[in-house]
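Geometric and topological summary
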Amino acid sequence: MSETTATTPTPVATGTDRTQVSRVAVASLIGTTIEYYDFAVYGTAAALVLGPAFFPSGSSTVSTLAAFLTFAAAFLARPVGVVLFGTIGDRLGRKRALVVSLLLMGLATVGVGLLPTYETAGLLAPVLLVTLRLLQGVSIGGEWGGAVLLAAEHAPPGRRALYASIPQVGPVAGFLLSSAVILPTISIAGMDGFAGGAWRIPFLLSAVLIVIGLWVRTTVTESPVFREGRPRPAATSRFPLGTLVRQYPGRLLLGIGAAIGGSAVYYLTIVYSISYGPKALGIPQNTMLVAVSVAAVATAAATVPFARLADKRGRRPVILTGAVGCVVWALPMFGSLSTRNGLVITGAFTVGLLFFIMMFSPIAAFLPELFPARLRYTGASATFILANTLGGGFAPLVATWLNSQWQSPLVLGAYAGGLCLVSLFCVLALPETKDQEFDI
């Protein structure tokens, strides 16, 4: 079937009053921040302590691989979240899906903080850990698409990329928030104390964030695009993912490819390097955490300016510039780890993550604009989440294996740069969407 809609588009006024738009922006940001705080806490804990606690082994590499495998398991569950929350979001509303996804993430994360370790519960401990990780993955599978749509579909004309980019600050803000909790915890308890049980503190503190997030999200209005389109029976599909695959297979695959390179850069930097630097190269743990945190702050600050540029110049030029930058800079970026110099690593990571956010800030508007409103929640979620799963979820696992074979940080650059090259070609194959109406 053709990859264009069979019906005539019905434009919908997406702007709402300024107070409500601001409230929606905050609700979208706080939700993704909390979701990715939970994910970042797990990723850091997996890199530092969860391997020995839940997967004891005579080899530290085997324990780390096992811990990162549970990290990847949550990504495998994300497509389930795409199906579940995409169906809810496209049929019943963006807001309803977002409230449920946030509640699910909170329960799973607090649950991890309460789990017994292998020493206490034996095999039951890793089984419960994997189960909760799968629930976290299902939750995030529905979070990103809904948060982006809620912001974008409320946005004033000509500012869609700007508002859609606000939830994109969430992953970086979530990481910074997790670092702001983990670093003092390690400083106070020491690494032995952190490994002995203080690692639970960041997970348990998530309960406070979830309560705040749920309160904010229940106070916002539903997307005007969904409200105006809902009465039309033809505006929804009983199984949106099936309709998406039948009607838009090309855009689905190219959208996944467009986001896959940035996903690899993000997770190799934010998650894997924190483990790899200290264990393989002897870089102090705090040096790595500080380097990544500084780079993340710069990335968060650049998110909105790049989105505004995408509203003015188009999505493709900004994304393509970031993709080229990531391809060229990937080797120097990860090669900087060989210097073991904190300032050099911080500078290299900062430049690399700035190129990354040039790709990822506009893509929050670009991916939803590829699909009609009746499939937009599912389409945006499927492209982004599958890219995250393929490019990011398995990145720490693949990187651990690559370094066991070649033992050089340059292989990380080759891996990330290769996937960014895939993204570059996929974006070139997709149309510009800046002036496209959000229709039903």
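Note that the coordinates shown come from a computational prediction; the quantities given were computed from them, not determined experimentally.

Within the chain, the secondary structure is distributed over 17 helices and 0 strands. A compact globule built from 440 residues would reach a C-alpha radius of gyration of about 22 Å, and the chain, at 21 Å, matches this within 12%. Considering only C-alpha atoms, the chain reaches an extent of 65 × 45 × 40 Å along its principal axes. In the chain, of all internal contacts separated by at least 6 residues, the share reaching a separation of at least 24 is 86%. Summed over its atoms, the accessible surface of the chain is roughly 15800 Å², and 68% of this surface lies on carbon and sulfur atoms. Taking the average location of the 28 positive side-chain charges in the chain and that of its 17 negative ones, the two points are 1 Å from each other.

This paragraph deals with helix α3 (residues 94-114). Taking 1.5 Å per residue, 21 residues should reach 30 Å; α3 reaches 31 Å between its end C-alpha atoms and fits that length. By the burial criterion, the buried members of α3 are Arg94, Ala97, Leu98, Ser101, Leu102, Met105, Gly106, Ala108, Thr109, Gly111, Val112 and Gly113.

As a further point, take the pattern of salt bridges. Going through the model one piece at a time under the given rule, you end up with 8 salt bridges. The residue Asp90 makes a salt bridge to Arg94 at a minimum N-O spacing of 3.1 Å. The same class applies to Asp90 and to Arg94, which are both buried. Across the pair Asp311 and Arg315 runs a salt bridge whose closest N-O atoms are separated by 3.0 Å. The exposure classification of Asp311 matches that of Arg315, with both residues buried. Among the charged side chains, a salt-bridge network with shared partners connects Asp90, Arg94, Glu153 and Arg376.

Once that is clear, we can look at a positive patch on the surface. Judged by side-chain charge, Arg159, Arg308, Lys312 and Arg313 come together as a positively charged surface patch. Tracing the chain through its elements places Arg313 in helix α12 (residues 285-313).

For the rest of this paragraph, the subject is the state of the cysteines. As enumerated under the stated definition, the model contains 0 disulfides in all. No disulfide involves Cys426; its sulfur sits 12 Å from the nearest other cysteine sulfur, which is in Cys420. Cys426 sits in the buried class, given a relative accessible area of 13%.

So, about the environment of Arg78. Mapped onto the secondary structure, Arg78 falls in helix α2 (residues 60-91). A sequence separation of 166 residues divides Arg78 from Leu244, and the C-alpha atoms of the two residues are 17 Å apart. Filtering out sequence-adjacent residues up to four positions away, Arg78 remains in contact with Tyr36, Phe39, Gly137, Val138, Ile140, Gly141, Tyr267, Ile385, Asn388 and Thr389. At a separation of 3.0 Å, a polar atom in the side chain of Arg78 contacts the side chain of Asn388.

Considering the arrangement of structural elements, one finds Gln436 in the segment after α17 (410-429). For Gln436, a relative accessible area of 29% corresponds to the partly exposed category. Residues Gln436 and Leu370, 66 residues apart in the sequence, show an inter-C-alpha distance of 9.0 Å.

The subject of this paragraph is a nonpolar patch on the surface. Taken together, the side chains of Leu124, Val127 and Leu128 present a nonpolar region at the surface, about 240 Å² in accessible area. Mapped onto the elements, Leu124 comes out in helix α5 (residues 124-152). With a relative accessible area of 48%, Leu124 lands in the partly exposed category.

In this model, the chain carries a mean pLDDT of 85, and residues with pLDDT of at least 70 account for 92%. The low-confidence segment residues 1-15 (pLDDT under 50) makes 32 contacts with residues lying over four places distant or belonging to another chain. Low confidence marks residues 231-235, where pLDDT is under 50. Its contacts with residues over four positions away, or in another chain, come to 6 contacts.

Okay, the packing of aromatic side chains next. For any pair of aromatic rings, the description rests on two quantities: the centre-to-centre distance and the angle between the ring planes. A complete count under the given rule lists 12 aromatic pairs for this structure. Site record: aromatic cluster; members linked through ring pairs are Trp144, Tyr266, Tyr267, Phe356, Phe360 and Phe384. The positively charged end of Arg133 is found above the aromatic ring belonging to Tyr42, 3.8 Å away from the centroid.

Let's shift gears to the packing of helix α11 (residues 249-281) against helix α16 (residues 395-406). For the pair α11 and α16, interaxial distance at closest approach is 9 Å and the crossing angle is 45°. Taken together, the axes of α11 and α16 lie oblique to each other. The element α11 and its partner α16 pack so that their crossing is right-handed. For the pair α11 and α16, the contacting residues are Tyr267, Leu268, Val271, Tyr272 and Tyr276 in the first and Ala395, Pro396, Ala399, Thr400 and Asn403 in the second. Here the contact of α11 with α16 is built from residues that sort into 8 nonpolar, 2 polar and no charged.

A few words now on unusual backbone geometry. In this structure, Arg340 is a non-glycine residue whose phi angle is positive, near 60°. Of note, the phi angle at Gln407 is positive, near 50°, even though the residue is not glycine. Among the secondary structure elements, Gln407 is positioned in the loop between α16 and α17.

The subject of this paragraph is the nonpolar core. Among the nonpolar cores identified, the biggest contains 116 residues, and Phe54, Tyr267 and Leu337 are the most heavily contacted of them. Residues in contact with Phe54, not counting those within four places in the same chain, are Leu115, Pro116, Thr117, Tyr118, Ala125, Pro126, Leu129 and Trp199. Core analysis: the second largest hydrophobic core is formed by 19 residues, Val24, Leu98, Leu150 and Ile210 among them.

How each quantity is defined
- Residues numbered from 1 in each chain as written.
- Predicted model: local features only at pLDDT ≥ 70, side-chain atom pairs only at ≥ 80, totals over all residues.
- Heavy atoms only, no water.
- Helix = DSSP H or I, 4+ residues; strand = E, 2+ residues; numbered from the N terminus.
- Rg over C-alpha atoms; globule rule 2.2 N^0.38 Å.
- Contact = heavy atoms within 4.5 Å.
- Areas by Shrake-Rupley, 256 points an atom, 1.4 Å probe, with all protein chains shown as cover.
- Lys, Arg positive; Asp, Glu negative; His and termini not counted.
- Charge placed at Lys NZ, Arg CZ, Asp CG, Glu CD.
- Expected span 1.5 Å × (residues − 1).
- Buried < 20%, exposed > 50% of the residue type's maximum accessible area, 1.4 Å probe, protein only.
- Salt bridge = Lys/Arg side-chain N within 4 Å of Asp/Glu carboxyl O.
- Patch = residues over 30% accessible without salt bridge, like charges linked within 9 Å, V, L, I, M, F, W, Y side chains within 5 Å.
- Disulfide = S-S within 2.5 Å.
- Polar contact = N/O pair within 3.5 Å; in protein donor to acceptor, adjacent residues only side chain to side chain.
- pLDDT = per-residue confidence, 0-100.
- Phe/Tyr/Trp six-rings, centres within 6.5 Å; stacked < 30°, edge-to-face > 60°.
- Lys NZ or Arg CZ within 6 Å of the ring centre and 35° of its normal.
- Axes fitted to C-alpha atoms, helices over the stretch in contact; angles between N-to-C directions.
- Parallel < 35°, antiparallel > 145°, perpendicular 65-115°, else oblique.
- Left-handed = near helix turned anticlockwise from the far one by under 90°.
- Nonpolar A, V, L, I, M, F, W, Y, C, P; charged D, E, K, R; others polar.
- Core = buried A, V, L, I, M, F, W, Y, C linked by side-chain atoms within 4.5 Å.

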